[in-house]
Every structure is written in structure tokens, then in C-alpha cells.
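Overview (structure and organization)
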Amino acid sequence: MKKTISLILCLLMALSVFGCAAPAASEPAAEPAAPAAEPAAPAAEPAETNGGDTIYVLGPTPDHGWTAQAGTYADKKVAEINAAGKWKAVYMPASTGEEQVDQVNTILANGNAVGVVFFALEDSAKAGQEALIGADIPFISFDRIIEGPDKYAILNASGDNWQCGAGIAYWLEKNGMVPGSTLVTLIGDNGTVCTRRQEGFEQYLRGEIDYADKHTGEKCHIAAPWTQEQIDALTADYKTVCNWSADGAYGYLEQKLPEIVSKAKANDGNLFIFSMDDEMTFGMLNLIEANALDDATKADLESLNVNISAIGGMAELYAVMDGTGSQAATAAKYFDNMMSVYFSPKMMENVIGYMLDYLDGNWSYNVGDGKYEEVWIVDAANVSQYEGFAGHK
């Protein structure tokens, strides 16, 4: 019976005020929020290597979380390249942007680089990218796109962060978010990943871009666009930079959640949480389970309609959504709806593959172009169809 009701509701949504509709068979697939520039004609010959033979991949130390899992995929891809024998490849893990600058200096001293795949951990890695530009070594910028050097990268590759924000705006509005609602924004950091997610969130609400869902094939357009003044008011009061950590979200919410819950209760009984990463969503769950909140706040929180987002795809969060995880009961008690935008770290393998394409002459991009992989909403209804990555600790 529940499946029948869900099917009827899904059909009704296609005709609802949220403007979601599957594209007609004759229509092209929905375009991403910020499409790459028109590709140039493919190169006729392999790229110049200047006598080098080694691809360097700069990324995070594999420990936990999304970035670390990306590092694990990178390490695996590097091993495959070395096994193939055409090129040498080296994975250079780091913990800070400054350490990555030192690694670039090592690469320049080695004098054997044919290309660098650069997953900048912090904006402070900018000097390293500038050094590559000065040495005329081609590089692909991945995930954190640093402004300035991005104009000289042979490609800027990431998941579609604008669509991450648009998808969350669509989902929150679908679940009742209106001008004047109580919203909490949990930000990873101040780099381009999160600024683009915020841009996409606001662009969707203003009606400037659609949300295109790869899973459903639907293209969603807001029926009643918001004004910038309404968006500014929505996002003004409760937001913090969590440095991509559950602990960062925990610390902020431990101080602010009683006030936030009180405001939401006095407002319309709805609380919306725009979390830009799975880890920060876990911070909210951890706080509830730690008994750091007084009983009155927890009772009021339970009485609210709480809608919370995430971005990533951690297996541990998928287990919360499918009811099998250790924190599933807590989520079911305090959250009315929960989702995570699919944003897999496995794309790091693809990006290293792009460097191989470039070196082989199989290239259709201009310097400075962007390539953004599709994203989509994963929730309790479709979580069983996707495999998450192990990352939370």
C-alpha cells in the first residue's frame, strides 16, 4: 500500500507547483548549472612531454572522509598506470596546502613531469599551481578550483557544485521552505566548492537555473521565484563554517540549537538545515545523541518538522537513511526528511584518466575549461540503489 501511495505522490509531483517534469523524448538532456565552454577540435597528435615520463597526482592523506576516500581512489588509479607501463605515476599525499606547495617544488626539481593532477586541499596551494604555470607544466585542477590559476589549467574538473545547491534548494522548498522560514547553513569552508553550492542554492530560488535530477530524469523549475531580499533574510541568522568536520557542526549547534529550535517553534514549526557535507550532518546526529541538549530543547526539536540535507554519499549516512545504521533510530525520531546529494569521490579516478587522454592527444578542451560531473538526490526512497563510500569516523 505504501508503495502505491508513493507512486501516486511521485506522479502528482510531476504536475505540482514545483515545476518538475521528465524531459520529452525529443528534448536534449538537461544542461548542468555551469556548463563547460564549447570544446575545441580534438588534438591530432599526443601532447608535448618535453622529455618527461611521470604523471604526478597531488591529493589528501587517506585517513577518513570524502577527501581521504578520493585519495584512496587516486592511489588505486596511480597503481594501474604504473602497471600499464606507458607512463610512470606518483601519488603525493598531503595534509595542507602549504605542504602541496613544497611537493610542487620537489616535482620541479625532479624535472620529469609530463603533467600534474592537482587536488588542492586549501587555497594556500595556489602558489604551487602558479609554479606549475611558470614552469609550463600542464595541470588539471580537481574539486577545489582556485581562482586565478584556473584560467591556465588544461581542465578544471569537479562535481557540479551549482547543481548540489540547486538540488537542496528544490528539495527544501518541496518540503515546505518558504520566505521567512528558519534555515541553518553548515558550510565546509570558504573555497569555491561551497561558494558554488551557495550560488546554486540561490540561483534556483531566484528561478535562474533548474535542478536536473539524473536519477529521475526530471528537470525542476521553481514556480514562484524568490527575491534576493527574501533569500538574504533566509540565510542571514544561522550559518557557520565547519571545516568539513562533524565536530565543527557539533560545536556550533551545541551553542546555537536551543535558540534555533525556539525560533522555529515560534515561527511555523519547521526547521530546514542546508548542510553542505555528510560529515556536518553527522555532527547534528552526534549532538542529539550526546545528551548535550537539555530535555526541553530535545522535546521541542522532536515536535518540529525537521528537513536536513547533506552532500557526499558516505555508506554510514546511507545506512542511517535506509534504517540499518546505528544512528537510524535517532534520525527517525528527530528528522522528518533527510537526503544526501550524490557526489562520489570516485570521480578522482576519472580526472586522472583525463590527464591520460590529454597526453594521448585525445583532447577536446581549451585551457581554462570546466567539466562538471552530474549529481542527484539520494533519500530513503532510492538509497538502496546506490553504494556509499566508507568515510565517517
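Residues numbered from 1 in each chain as written. Predicted model: local features only at pLDDT ≥ 70, side-chain atom pairs only at ≥ 80, totals over all residues. Heavy atoms only, no water.

With respect to the overall build of the chain
Heads up, the condition is: Working definition: helices are DSSP H or I runs of at least four residues, strands are E runs of at least two. Numbering for both runs from the N terminus. Partly exposed describes any residue whose relative accessible area lies between the buried limit of under 20% and the exposed limit of over 50%, with all areas from a 1.4 Å probe on protein chains only and scaled to the type maximum. In what follows, residue pairs with any heavy atoms lying within 4.5 Å of each other are defined as contacts. To be clear on the numbers: accessible area is Shrake-Rupley with a 1.4 Å probe, and residue cover counts the displayed protein chains and nothing else.
Scanning the chain for helices and strands turns up 13 helices and 16 strands. Looking at the chain residue by residue over its 393 residues, the buried ones come to 52%. Counting only contacts in the chain whose residues sit at least 6 apart along the sequence, the fraction spanning at least 24 positions is 78%. When the accessible surface of the chain is summed, it comes to about 17,000 Å², and 51% of that surface belongs to carbon and sulfur atoms.

Here we look at the pairing of strand E6 (residues 155-159)
Cut-off, in case you're wondering: Note on pairing: DSSP must find at least two bridges between two strands before they are called paired.
Extensive coverage of E6 is indicated by the burial of 5 of its 5 residues. Of the pairings in the sheet, the one linking strand E5 (residues 139-142) to E6 comprises 3 bridges and is parallel in character. Paired with Ser141 across the bridge in E6 is Asn156. Sheet topology places E6 next to strand E15 (residues 370-373); 4 bridges connect them, and they run parallel. If you follow Ser158 over to E15, its bridge partner there is Tyr372.

Some points on the packing of aromatic side chains
What describes a pair of aromatic rings is the distance from one ring centre to the other and the angle between the planes of the rings. The test is simple: Two rings belonging to Phe, Tyr or Trp (six-membered ring only in the last case) form a pair when the distance between their centres is within 6.5 Å. Interplanar angles under 30 degrees mark stacking, angles over 60 mark edge-to-face geometry, and anything in between is tilted. Consider the ring centre and the ring normal. A charge sits over the ring if Lys NZ or Arg CZ is within 6 Å of that centre and within 35 degrees of that normal.
This model, assessed by the stated rule, comprises 13 aromatic pairs. A centroid spacing of 5.6 Å and a plane angle of 45° characterise the contact between Trp376 and Tyr386, whose relative ring orientation is tilted. Separated by 10 residues along the polypeptide, Trp376 in strand E16 (residues 376-379) and Tyr386 in the segment after E16 bring together distant segments of the chain. Three or more aromatic residues link up through ring pairs in this structure, and these residues are Trp66, Phe119, Phe142 and Phe343. In this structure, Arg197 packs its charged tip against the face of Phe343, placed 4.7 Å from the ring centre.

A few points about the side chain of Glu202
With respect to the element layout, Glu202 can be found in helix H6 (residues 192-205). A relative accessible area of 16% means that Glu202 is categorised as buried. Contact partners of Glu202, with chain neighbours within four places excluded, come to Gln228 and Ile231.

Focus on a negative patch on the surface
Quick reminder of the rule: Surface patches are drawn from residues lacking salt bridges whose relative accessible area is over 30%; two like charges belong together within 9 Å, two nonpolar side chains (Val, Leu, Ile, Met, Phe, Trp, Tyr) within 5 Å. The rule for a salt bridge is simple: a side-chain nitrogen of Lys or Arg has to be within 4 Å of a carboxyl oxygen of Asp or Glu. The convention is simple: Lys and Arg are positive, Asp and Glu are negative, and His and the chain ends are not counted. Every charge is mapped onto a representative atom, which is NZ of Lys, CZ of Arg, CG of Asp or CD of Glu.
A surface patch of negative charge is lined by Glu98, Glu99, Asp102 and Glu122. Here Asp102 is to be found in helix H3 (residues 97-110). Judged by its relative accessible area of 49%, Asp102 falls in the partly exposed class.

Quick notes on the confidence of the model for the chain
Using the following cut-off: Each residue gets a pLDDT score, which is the predictor's confidence in that residue and runs from 0 to 100.
When the pLDDT values of the chain are averaged, the result is 89; 87% of them are 70 or greater. Counting interchain partners and residues more than four positions distant, the pLDDT-below-50 stretch residues 1-18 has 15 contacts. Here residues 24-44 is modelled with pLDDT under 50, and outside its nearest four sequence neighbours on either side it reaches 21 contacts, counting other chains as well.

Side note on the packing of helix H8 (residues 246-267) against helix H9 (residues 278-289)
What counts, and what does not: All axes here are fitted lines through C-alpha atoms, helices being fitted over the stretch that makes contact, and every angle between N-to-C directions spans 0 to 180 degrees. Orientation labels follow simple angle bins: below 35 degrees gives roughly parallel, above 145 gives roughly antiparallel, 65 to 115 gives roughly perpendicular, and whatever is left gives oblique. The sense of a crossing depends on the near helix, which, turned anticlockwise from the far helix by less than a right angle, makes the crossing left-handed and, turned clockwise, makes it right-handed.
Relative to each other, H8 and H9 sit at 50°, their axes nearing to 7 Å. Considered as vectors, H8 and H9 are oriented oblique to each other. Remark: the crossing between H8 and H9 carries right-handed chirality. Here Ala246, Ala249, Tyr250, Leu253, Glu254 and Leu257 of H8 come into contact with H9, specifically with Glu279, Met280, Phe282, Gly283, Met284, Asn286 and Leu287.

Focus on the pairing of strand E12 (residues 305-308)
Two elements, strand E11 (residues 270-275) and E12, share 4 bridges in a ladder whose sense is parallel. Across the sheet, residue Phe272 finds its bridge partner in E12, namely Asn307. Both E12 and strand E14 (residues 337-342) contribute to a ladder of 2 bridges, which runs parallel. Along E14, the bridge assignment pairs Ile308 with Met338.

A look at the sheet that holds strand E3 (residues 88-94)
If you walk across this open sheet you meet the 6 strands as E3-E2-E4-E5-E6-E15, and the pairing is parallel. In the strand order of this sheet, the two ends are held by E3 and E15, each with one partner. Strand-to-strand twist of the sheet, defined as the mean angle between neighbouring strand axes without regard to direction, takes the value 15°. Relative to E3, strand E2 (residues 54-60) runs parallel, the two being bridged by 7 bridges. Of the residues in E3, the one forming a bridge with Val57 is Tyr91. Against the sheet, helix H2 (residues 65-84) engages E2, E3, strand E4 (113-119) and E5, with an angle of about 160° to E3.

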